[in-house]
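# Overview (structure and organization)
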Amino acid sequence: MSRRLRYGVLAAVALVGASATAYSTASAGSRVASAPPSNGDINIEVVTHGQASDPFWSVFKRGVDDAGAQMGVNVNYSAPATFDMVAMSQLIDAAVAKNPTGLVVSVPDYDALKDSLAAAHDAGIPIITVNSGSDVYQEIGAITHVGQDETIAGEAAGQHLADAGATHVMCVNQEVGNAGLDARCAGAKTSIEAAGGTLDVVQVDLNDAAGAQSTISAALQADDTIDAVLALGPTGASPALAAIDEVGKTGDILIGTFDLSQDVIQAIIDGNMLFAVDQQQYLQGYLPIVFLTLYHNNLNTVGGGQPVLTGPGFVTADNAQQVLDLTGQGSR
């Protein structure tokens, strides 16, 4: 674990612990702490580019909802129906118009969202960026960023593939224009090339699952030197697995993905997938609600000028069954 990641996680754990114990009864002989303040007047808006029906974002939203219930605050989650930055900027504008206590927002395309985010900052609304935006959160004026550094995560994924023997990797990008996904492919490319291999990006449209599978299959058939596929999310991993099976190379072509779903974890258990990069999206939803509540009640900040990193971690054959057991609870 890097020093940067270690400090970010320790800070996050310390603050969560503080929120749970700050109002507990003091030890014998000391003053009894006052009752917790009512948080019913705290309203936090959460706007992301990911739909709550998506396997990844449903876990993120579970974190938001759990933290809201535990902190006793009001939370509202919204996202565009598809990856649509115009629609997302409109959702941010609508959230700002409510004058919330705080705003949690993902930033997959800063240029497209810049004006809406500036309006939120100018209105004096505390902002925490999540998931994507680690490179611009300070420019936005956010308190901190909660997520993983996608370049670092991409480099780690590429290294895992290289260590397993991959020499020619296909990186499957399902959201063209998403800076975080671009960074994942770029980071993986750095590691693969450092090991003497190559990486090419193939773009697919996951609104057409059959078409995505067909695109991947065609690329695999056109170049038989491809020995590994890197998907950038569970919804991209499914057509990639199907395409590898379609061309008869299950077990011959390595595959790894970012992010978790039950299907992804089962594929790892079955030996059909090498790994999944785990950015712990439950924490990405949970922690900002806690942080904004503490900021409102006690002017606490976190990060110390660095983002709070929730990943990358890795789910492999060694721990996949344990993680799968937790997915049934909706928190992994």
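Higher on the page you've got the structure.
Read on for a plain summary of the structure. Since we're looking at a predicted model, the values are computed, not measured.

## Remarks on the state of the cysteines
- In this structure the tally under the stated criterion is 1 disulfide.
- Between the sulfur atoms of Cys171 and its disulfide partner Cys185 the distance amounts to 2.1 Å. Where Cys171 bonds to Cys185 through sulfur, the torsion about that S-S bond is close to -85°, and the disulfide is left-handed. Within this pair, whereas Cys171 is found in strand 6 (residues 168–173), its partner Cys185 is found in helix 7 (residues 179–194), the two being separated by 14 residues in sequence. Each member of the pair, Cys171 together with Cys185, is buried.

## Comments concerning the side chain of Thr144
- Within the secondary structure, Thr144 sits in strand 5 (residues 144–148).
- Relative accessible area serves as the criterion here: at 0%, Thr144 is assigned to the buried category.
- The contact partners of Thr144, leaving out residues within four places of it in the chain, are Ile127, Ile128, Thr129, Tyr137, Phe291, Val302, Gly303, Gln306, Pro307 and Val308.

## Thoughts on helix 8 (residues 209–222)
- Here helix 8 contains 14 residues, and its C-alpha end-to-end distance of 20 Å stays within 8% of the 20 Å for a straight helix at 1.5 Å per residue.
- Those residues of helix 8 lying buried are Ala212, Ile216, Ser217, Ala219 and Leu220. Taken down its axis, helix 8 places every buried residue within 160° of arc, on the same side. Every exposed residue of helix 8 that faces more than 90 degrees away from the buried side is listed here: Ala210, Gln221 and Ala222.
- Packing partners of the buried residues in helix 8 comprise strand 6, strand 7 (198–203), strand 8 (228–231) and helix 9 (234–246).

## Digging into the sheet that holds strand 7
- Here 6 strands make up an open sheet; going across it, the order is 7-6-8-9-10-12 and the pairing mixed. The open sheet has two free edges, formed respectively by strand 7 and strand 12 (313–315), since each of these has just one partner strand. The average undirected angle you get between the axes of adjacent strands in this sheet is 20°.
- Summarising the sheet, strand 6 and strand 7 pair through 6 bridges and their orientation is parallel. Bridge assignment links Cys171 to a residue of strand 7, and that residue is Val201.

## Digging into helix 10 (residues 262–269)
- Among the residues making up helix 10, those that are buried are Val264, Ile265, Ala267 and Ile268. Down the axis of helix 10, the sector holding all buried residues measures 155°, keeping them to one side.
- Next to the buried residues of helix 10 lie helix 9, strand 9 (254–258), strand 10 (275–278), strand 12 and helix 12 (320–327).
- Two residues or fewer after helix 10 comes Gly271, characterised by a positive phi angle close to 85°.

How each quantity is defined
- Residues numbered from 1 in each chain as written.
- Predicted model: local features only at pLDDT ≥ 70, side-chain atom pairs only at ≥ 80, totals over all residues.
- Heavy atoms only, no water.
- Disulfide = S-S within 2.5 Å.
- Helix = DSSP H or I, 4+ residues; strand = E, 2+ residues; numbered from the N terminus.
- Buried < 20%, exposed > 50% of the residue type's maximum accessible area, 1.4 Å probe, protein only.
- Contact = heavy atoms within 4.5 Å.
- Expected span 1.5 Å × (residues − 1).
- Arc of directions from axis to C-beta.
- Pairing = 2+ DSSP bridges.
- Axes fitted to C-alpha atoms, helices over the stretch in contact; angles between N-to-C directions.

Without other data, these values stay purely geometric and don't point to any function.
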